[in-house]
Amino acid sequence: MPETVTPVIGLIGGSGLYDIEGLEDREWRRVATPWGDPSDEILFGRLAGVPVRFLPRHGRGHPTPPSDLNYRANIDALKRAGCTDVISLSAVGSLREDLPPGHFVIVDQFIDRSFARVKSFFGTGCVAHVSVAHPVCPRIGDALEGAARGLVLPVTRGGTYLVMEGPQFSTKAESELYRQWGCSVIGMTNMPEAKLAREAELCYATVAMVTDFDCWHPDHDHVTVDQVVKVLFGNADKAKALVKSVVPALGAPRGLCPAGCDRALDHAIITAPEKRDPALLAKLDAVAGRLLRA
Ligand SMILES: CSC[C@H]1O[C@H](OP(=O)(O)O)[C@H](O)[C@@H]1O
Ligand SMILES: Nc1ncnc2[nH]cnc12
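Residues numbered from 1 in each chain as written. Chains lettered and ligands numbered in written order. Predicted model: local features only at pLDDT ≥ 70, side-chain atom pairs only at ≥ 80, totals over all residues. Heavy atoms only, no water.

Per an unreviewed UniProt entry, the chain goes by S-methyl-5'-thioadenosine phosphorylase and derives from Paracraurococcus ruber. In UniProt, the chain has this text filed under Sequence similarities (unreviewed entry): "Belongs to the PNP/MTAP phosphorylase family. MTAP subfamily." Per its UniProt entry, the chain bears the Catalytic activity (unreviewed entry) comment "S-methyl-5'-thioadenosine + phosphate = 5-(methylsulfanyl)-alpha-D-ribose 1-phosphate + adenine". (UniProt positions renumbered as here; feature names shortened; annotations may be inferred.)

Details of the UniProt feature "site: Important for substrate specificity" (unreviewed entry) in the chain
Look at the UniProt record and you will see "site: Important for substrate specificity" (unreviewed entry) annotated at Ser-170 and Val-225. A stretch of 56 residues holds the annotated residues, and the largest C-alpha distance among them is 13.2 Å, short enough that they meet in one place. Checked against the element boundaries, Ser-170 lands in the loop between strand 9 (160–163) and helix 3 (172–180). The buried category is assigned to Ser-170, whose relative accessible area is 10%. (Helix = DSSP H or I, 4+ residues; strand = E, 2+ residues; numbered from the N terminus. Buried < 20%, exposed > 50% of the residue type's maximum accessible area, 1.4 Å probe, protein only.)

Comments concerning the packing of aromatic side chains
Enumeration over the complete set of coordinates arrives at 5 aromatic pairs. Judged by centre distance (5.7 Å) and plane angle (90°), the ring pair of Phe-213 and Trp-216 falls under edge-to-face. Among the residues examined, Trp-216 registers a relative accessible area of 8% and is labelled buried. Arg-29 extends its terminal NZ or CZ atom over the ring of Phe-44, reaching a point 4.1 Å from the ring centre. The ring of Trp-216 has Arg-179 sitting right over it, with the charged end atom 3.6 Å from the ring centre. (Phe/Tyr/Trp six-rings, centres within 6.5 Å; stacked < 30°, edge-to-face > 60°. Lys NZ or Arg CZ within 6 Å of the ring centre and 35° of its normal.)

Considerations on the site of ligand 2
Taken together, 13 residues are adjacent to ligand 2, and Val-92, Gly-93, Thr-211, Asp-212 and Asp-214 come closest. The contact in question runs from a nitrogen atom of ligand 2 to an N or O atom on the side chain of Asp-212, over 2.7 Å. Contact distances for ligand 2 include 2.8 Å between a nitrogen atom and a side-chain N or O atom of Asp-214. Coverage of ligand 2 by the protein amounts to 95% of the 260 Å² it exposes when considered alone. Where the shell around ligand 2 is concerned, the elements lending two or more residues are strand 5 (85–94), strand 10 (185–187) and strand 11 (203–212). Per-element tally for the shell around ligand 2: the top contributor is strand 5, with 3 residues. Its residues assigned to classes, the shell around ligand 2 comprises 8 nonpolar, 3 polar and 2 charged. (Near = heavy atom within 4 Å. Polar contact = N/O pair within 3.5 Å; in protein donor to acceptor, adjacent residues only side chain to side chain. Areas by Shrake-Rupley, 256 points an atom, 1.4 Å probe, with all protein chains shown as cover. Nonpolar A, V, L, I, M, F, W, Y, C, P; charged D, E, K, R; others polar.)

Things to note about the site of ligand 1
Around ligand 1 sit Gly-14, Ser-15, Arg-57, His-58, Pro-66, Ser-90, Ala-91, Phe-169, Gly-187, Met-188, Thr-189 and Val-228, and that is every residue in its neighbourhood. In this structure, an oxygen atom belonging to ligand 1 sits 3.1 Å away from a side-chain N or O atom of Ser-90. Thr-189 is positioned such that a nitrogen or oxygen atom in its side chain is 2.6 Å from an oxygen atom of ligand 1. For ligand 1, the protein covers 92% of the area, taking 390 Å² as the surface of the free molecule. In terms of residue class, the shell around ligand 1 is built from 5 nonpolar, 6 polar and 1 charged.

Section: the pattern of salt bridges
Here the structure, examined in full by the defined rule, presents 22 salt bridges. With a closest N to O distance of 2.7 Å, Asp-85 and Arg-254 form a salt bridge. Of this pair, Asp-85 sits in strand 5 while Arg-254 sits in the loop between helix 5 (225–251) and helix 6 (278–283), and the two are 169 residues apart along the sequence. Like Asp-85, the residue Arg-254 is buried in the burial classification. Between Arg-290 and Asp-266 there is a salt bridge, with its nearest N and O atoms 2.7 Å apart. Of the two residues, Arg-290 sits in helix 7 (residues 285–292) while Asp-266 sits in the loop between helix 5 and helix 6, which places them 24 residues apart along the sequence. Residue Arg-290 is classed as partly exposed on the basis of its relative accessible area, which comes to 40%. One network of salt bridges, with partners in common, ties together Asp-142, Glu-145, Arg-149 and Arg-157. (Salt bridge = Lys/Arg side-chain N within 4 Å of Asp/Glu carboxyl O.)

Some points on the environment of Val-207
Tracing the backbone shows Val-207 in strand 11. Along the backbone, Val-207 and Ala-91 are 116 residues apart, and their C-alpha atoms lie at a distance of 8.6 Å. Each residue touching Val-207, except ones within four places of it in the same chain, is listed here: Ile-87, Ser-88, Leu-89, Ser-90, Phe-104, Val-105, Leu-144 and Leu-242. (Contact = heavy atoms within 4.5 Å.)

Focus on the nonpolar core
One finds Ile-87, Phe-110, Phe-121, Phe-122, Leu-144, Val-185 and Leu-284 to be the most contacted residues of the largest nonpolar core, which totals 82 residues. No other element matches helix 5, which puts 8 residues into this core. Formed by 9 residues, the second largest nonpolar core is a distinct cluster that contains Leu-95, Leu-162, Tyr-178 and Trp-216. (Core = buried A, V, L, I, M, F, W, Y, C linked by side-chain atoms within 4.5 Å.)

The structure is reproduced here in structure tokens:
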């Protein structure tokens, strides 16, 4: 019998997005994880009857910078909260003339230049190697594109998001290098988030909301936080309309993910059962319980 999935939609709100108004049965709840504390409580609720879980990535009031985020706790908490699908809503700088502030990019690739973050749930005592060749779930990408086009939002499907460590913005030489690499947008947070979502067998996609031209554009000022936040607050209505439209589109009961995101661990764990560390296996209960319990 084919498996039926009842979707629960996770939303990770980036800079400037610390709440989702209009949810039915709203309740902020603390979700404990074996990896430590997530950035904040998770807002549980429903949109058009579809269960939604919202996590402000940097916490309400933005106390936590990109390098100090507990990415493992955030993803584990969303998994524990029942999420099947996760949408990242992120502020980004543009590396292309045709992606001006206000534009939304449904990215399909990442270049991970972050270097000071824990990037895996696995490790000594349970080694796993998942594929992130295609790090974004195309099924969620399709739904996001359909919703954005239906709302006539300025949107581009596809593009590469360069993940820098930060917290400082890029030098001009770096910005120009990333442009030469063919990247579309730049931000500081979507890795290792996307890799961890894949390890946790969550379908994951990103809406990259352009707030600035970074520092390469001769006719635009270099990016500042004020500018990012100002543009993002201006974009917030678009982001909220997109969420209202995409959640019902993703919410209907469905089969397994055609791209296999929800079975990413099927051929990934290499450590022999007798060599596995029970303490690590216990921490992996939410992320990999599907396989480890079997
Ligand atoms: C406030 S500008 C820099 C900040 O904004 C982006 O965060 P997020 O992806 O959570 O929206 C960027 O990655 C930086 O963390
Ligand atoms: N130019 C930029 N660089 C890195 N992260 C960003 N977030 C928003 N704009 C950014």
